[in-house]
Every structure is written in C-alpha cells, then in structure tokens.
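Summary of the model geometry
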Amino acid sequence: MIKQIPSSIMPPVISSLSNHQEKQLMSLFGHVRLHLLYKATIHGFTAAAFHGHCDRQGPTVIVAYNAAGFVFGAYTSKDYTQSGAAVIDGEASLYSINDGRKEPLRVGGISGQHAFTDEGSGPNYGALVFLHEDKSAVQSNPGSCFNFKPEEMHGTDLKLTEFEVYRVEGLDVLEKPWRNIQWTAEKKQQLMKSIQNYQPEIQTVNQARVLLVGPVGAGKSSFFNSINSAFRGNMTCQAITGTAGTSVTTQYRAYTIKAGRRGGNLPLVLCDTMGLEENPESGLNIDDVVSIFKGHMMDRYQFSTSSSILEDSPGYKKHVNLSDRIHCVAYVIDSCKVALLSQKMVDKFSAIRKKANQLGIPQVLLMTKVDEACPLVAKDISNVYHSVYIQKKARQLSESLGIPLSYVMPVKNYSEELELDQNTDILLFMALEQMLNYADSYFENQIVEDRPENSRPELYRSSDHPRQFLTERDDPKVV
Ligand SMILES: Nc1nc2c(ncn2[C@@H]2O[C@H](COP(=O)(O)OP(=O)(O)O)[C@@H](O)[C@H]2O)c(=O)[nH]1
Ligand SMILES: [Mg+2]
C-alpha cells in the first residue's frame, strides 16, 4: 500500500507505479507500507531537492523509471545525511522490475564493499549513480559495490522519465514470537544430541529416510549441504546447488551425514531430487516420486524427463524393504516465491500429497530463504518467529498446500557464508528434529497390534514386545 504526499498545491503528488509494479516492488520487502517522499518531475531532478525530501527518513527505496519499461533502483535501511561517509549496509540491495520478467531482479552488495556514498550529490550506489550532475539520468558502473548485467537492470537505457523515493515503513514485528525458541548454545547441543541419538521405532530400520521435494531452486540441495555442514562443523558443498532455470540436480541422491568429520553416520538419510517444474513434461515426474516413496529408486539414478523409472530400468531396485522406503517427505519452498506459486505447481504438489497420503507418509513443509524474504530476518535470524511477514507466508503456504501450520518449518540454508552460525544451525536442526518425529509416526503407522500367530521377530519394535508391520497390500489409506 502506498501513501501519497499530501499536497495543497496542484498537481497532487502521486506514485507512478502501476499496480503490477507496486506488487512486485512490495514483494521485495514483505509486509511494508511505502510512503512517497519525493518525485523528481514535481520536485526537480536535483540532488538538493532529493536531500530536501529524503534525508534522515530511515529505510527508503529509490524507484527510477526509463522509457525502455524498466523500474529499478536501490533499497537502503540507513539514512541519507550528506556526511560524506561510505555507508555499510548489509540489507541494501539494487532491484529491477520489468514486464518481461515474472519476478523482480534483486542484487545484493558485493561482499566487503560499502552500499552507498552518503554525499551531497544524488544517491551514489557505485554501480548506479542517480541524479548525477542534477540530470534526469543514471550512471551505470556494474562491479562497483554491486554487480549486475546492464541489460537486465535497466535495458541499457540510462535516461530517466521519472525518479521517486519512498520511505519503507512498518517492517512489522510480533512482540510475542509465534514459536518459542531458545537461541542458545545449550539448545543447539541438545538438538544435535537428540538427532544423533535418534533411533527409528523399528528394529530392522537403522536410518529414517527423508525425501526433499520442491520446485527448482527452492533450496533442496542447499538444505542437505547446510545440515551436512552444521554437523561437520565446517562449510561443505557436497551437493551441487545453483540458480539455473532448470534443475541442476539431475540424479537421485540418498545422502548420509556424518556426525563430525570422523564421526559415525547419523540415523537419517536425506534424499535429494530433481526440481519440480510447472510444465507437466518437465522436471521430476509423479511416477518417479511414487517409485522413490516405495524405495525402488537406487542412489545416483539419473532422472530422465522423457520417461519415468521402470522395473527394467538400470537403477531400479526390485526387492525393497521398510528401510528403503521414504519415511517422511519435506516439501521445500522458497519463502520469497509463496505468492508466486502457480496453480499448476500447487496441482503438482497436491498430486504428490495424495500419493504420500495413500502410503501413509507424513509430510512437512520446509520454507527456505527466510533471510531473503524478510530484511528483519536477514539482519538477525532469531527474528524469524517475530516477523509478521514470515508468519504470513507460512500461513499462506499452509493454506495453499493444505498442510497444517504446525508442519511448516522456516529455515535459512547456508548459501554464501564461509562460517557456521549458531542460530542458523538451531533453525536447521529444529526442522530436522521435526522430520524425525514425523518419521516416527510413519513407523507407528506401520505397526499393527500384536498378531502372535503371524509375528516376524525381525520386524519387532526396537525396544518393545512383538508387533508386526502392515504389508504393501495393507498400506493404510490416509487422505
Ligand atoms: N539466501 C539464501 N539463499 C539460498 C537458501 N537456500 C538456497 N539458496 C540459494 O538458492 C539457490 C538454489 O539452491 P539449490 O539448493 O540449488 O536449490 P534446489 O534446486 O532446490 O536444489 C542457490 O544459489 C542457493 O545458494 C537460503 O535459505 N537463503
Ligand atoms: Mg538441487
């Protein structure tokens, strides 16, 4: 929502953003209000006019327009004060909105460089210098403070048709978090221990198998890398991650994780898949998902987009037991893209959900990139349950996929960090612990009460008296 500048003088100062552009701009911030402070076609394309309206206003966003149809600019959480200083701002970013793109382009600062120079001239973000020499133009020098492709940022049209600045208001905070978490070293240790000491309910199963399913680029491979790193105590990148348009993960991988560099294997396997795509013909297909659920797909199976795995395919495991099956599914979704989930993608999820329900497999929702979605969380991960925006996204996801809110786990994966962070680890471990709890309910579901006449001792509970498991034929139909 935009607040216009109240003005007794005609013409009224109103935003030039179209509804679509406003929506895209808002998606960069989450739950905020934009208050128009300055509009160059009314107040003048001069540095003095800019500073007169925009100095000491707190977080602001620059919105520049050109005739090529680009709306682009810069966000900073810091004040403009004309101090002459190079201002460091980890939350600052450049962005670009264009009709040819579904989502805004967002460009974070180059590590170790400042965000802007706070001088008396027009706003100077190094790579983009606005109102230079009081002209309705922008200077473009990618590589200085920020890096981008000029054709993606502004279509190489440097003449501005309009230039606006908005105050970004109400990065709203919940006083009482919607989940209580202790952000302490003890909590992290306790979570690590609980995961390491986890034992599947069933004697014959040593490791719980958790399957990661979700759109391309949601952070499935990064989640495995992050958990692996957090347990090893240093950054690892065993799974290839990336941001190509289609899946960079083309093999089915069942990853084991070590507790420390020389430690034993953890009692869980994280199974990484190719990404889901909107198009029915591309990405991971539902028949393959069912084969994975049932344990028929071997580690390193090479996915094919043209056909699903068949009984005679290389990599098809014919004889499977309970250990090979999936015991919990984690749907992985990028928090920034919740509002952009298409109906086609929602339909794919619901088809997968139906299959998982039929096989009695519990499902959780992993909401990744909470740092990208909300500046409050980017600043401090322990704000995750205080952020109104993240709570709203979790609710939206829960509603659109029909999964209760209590099954939604926000996480931040390690993506470009070099060092581990305690709070990031805590959030990752909490999600993993939940998955193991749900895997337990899968095992519980497989157990039928004593039938001594049929009992098979090898399938007894690890710690209990004789119980037996349902066979494939008896799979519970949970809908
Ligand atoms: N900032 C941020 N980036 C992430 C996060 N998770 C993944 N990424 C980045 O998103 C991109 C896609 O991640 P990837 O794990 O390859 O997605 P996949 O296709 O689901 O396996 C990579 O560039 C990651 O570094 C996160 O929680 N925060
Ligand atoms: Mg991947």
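Residues numbered from 1 in each chain as written. Chains lettered and ligands numbered in written order. Predicted model: local features only at pLDDT ≥ 70, side-chain atom pairs only at ≥ 80, totals over all residues.

**Some points on the site of ligand 1**
The environment of ligand 1 is made up of 23 residues, and the closest members are Gly-219, Ser-221, Ser-222, Thr-241 and Ser-415. Elements with a contribution of two residues or more to the shell around ligand 1: helix H6 (220–232) and helix H9 (370–373). Per-element accounting of the shell around ligand 1 gives the leading share, three residues, to H6. Among the residues forming the shell around ligand 1, the class breakdown is four nonpolar, 14 polar and five charged. (Near = placed C-beta within 6 Å. Helix = DSSP H or I, 4+ residues; strand = E, 2+ residues; numbered from the N terminus. Nonpolar A, V, L, I, M, F, W, Y, C, P; charged D, E, K, R; others polar.)

**Structural notes on the pairing of strand E4 (residues 70–76)**
By the criterion of burial, E4 is predominantly enclosed, with seven of the seven residues buried. Residue alternation in E4 divides its side chains into two sets, Phe-70, Phe-72, Ala-74 and Thr-76 and Val-71, Gly-73 and Tyr-75, and both sets are buried. Pairing analysis gives four bridges linking strand E3 (residues 60–66) to E4, with the strands arranged antiparallel. Its bridge partner lying in E4, Ala-64 is registered against Phe-72. The antiparallel pairing of E3 with E4 creates a hairpin that spans three residues between the two strands, and Gly-69 there sits at a positive phi of about 90°. In terms of strand pairing, E4 meets strand E6 (residues 93–98) through six bridges, oriented antiparallel. Each bridged residue has a counterpart across the sheet, and for Val-71 the counterpart in E6 is Ile-97. (Buried ≥ 20, exposed ≤ 12 C-beta atoms within 10 Å, placed from the backbone. Pairing = 2+ DSSP bridges.)

**Things to note about the sheet that holds strand E13 (residues 253–258)**
One key point about sheets: their strands pair by backbone hydrogen bonds, in either a parallel or an antiparallel sense. On the basis of which strands lie adjacent, the open sheet formed by six strands has the order E13-E14-E12-E15-E16-E17 and mixed pairing. Each having just a single partner strand, E13 and strand E17 (408–410) make up the two edges of the open sheet. Here the strands of the sheet are splayed against their neighbours by 25° on average, with no regard to which way each runs. Here strand E12 (residues 208–213) pairs with strand E14 (residues 265–272) via five bridges, running parallel. Looking across to E14, one finds that Leu-212 is bridged to Asp-272. (Axes fitted to C-alpha atoms, helices over the stretch in contact; angles between N-to-C directions.)

**Structural notes on the confidence of the model for the chain**
Chain-level pLDDT for the chain is 88 on average; 89% of the residues reach the 70-or-more range. Contacts from residues 449–458, a stretch scored under 50 in pLDDT, to residues over four places away or in other chains number eleven contacts. Counted against residues more than four places away or in other chains, residues 464–479, with its pLDDT under 50, gives 32 contacts. (pLDDT = per-residue confidence, 0-100. Contact = placed C-beta atoms within 7 Å.)

**Comments concerning the packing of helix H7 (residues 286–293) against helix H8 (residues 343–358)**
Two quantities define a packed helix pair, namely the angle between the axes and the distance from one axis to the other. Taken N-terminus to C-terminus, the directions of H7 and H8 make an angle of 25°; their axes are 10 Å apart at the nearest point. With respect to their mutual orientation, H7 and H8 come out roughly parallel. The element H7 and its partner H8 pack so that their crossing is right-handed. Mapping the contact onto sequence places Ile-286, Val-289, Val-290 and Phe-293 in H7 and Ala-351, Ile-352, Lys-355 and Ala-356 in H8. Along the lines of polarity and charge, the residues of the contact of H7 with H8 split into seven nonpolar, no polar and one charged. (Parallel < 35°, antiparallel > 145°, perpendicular 65-115°, else oblique. Left-handed = near helix turned anticlockwise from the far one by under 90°.)

**Digging into the pairing of E6**
Along any regular strand, the residues point their side chains to alternate faces of the sheet. Counting buried residues in E6 gives five out of six residues, a clear majority hidden from the surface. Judged from the four bridges that link them, E6 and strand E7 (residues 105–108) form a sheet pairing that is antiparallel. Pairing of Leu-94 across the sheet is with Val-107, part of E7. Linking E6 to E7, which pair antiparallel, is a turn of six residues.

**A short note on H6**
In this model H6 runs 19 Å from its N-terminal to its C-terminal C-alpha over 13 residues, within 8% of the 18 Å that 1.5 Å per residue would give. With respect to burial, H6 is a largely interior element, twelve of its 13 residues being buried. The set of residues buried in H6 consists of Lys-220, Ser-221, Ser-222, Phe-223, Phe-224, Asn-225, Ser-226, Ile-227, Asn-228, Ser-229, Ala-230 and Phe-231. For H6, the secondary structure elements touched by its buried residues are E12, E13, E14, strand E15 (328–334), strand E16 (363–368) and helix H12 (422–446). (Expected span 1.5 Å × (residues − 1).)

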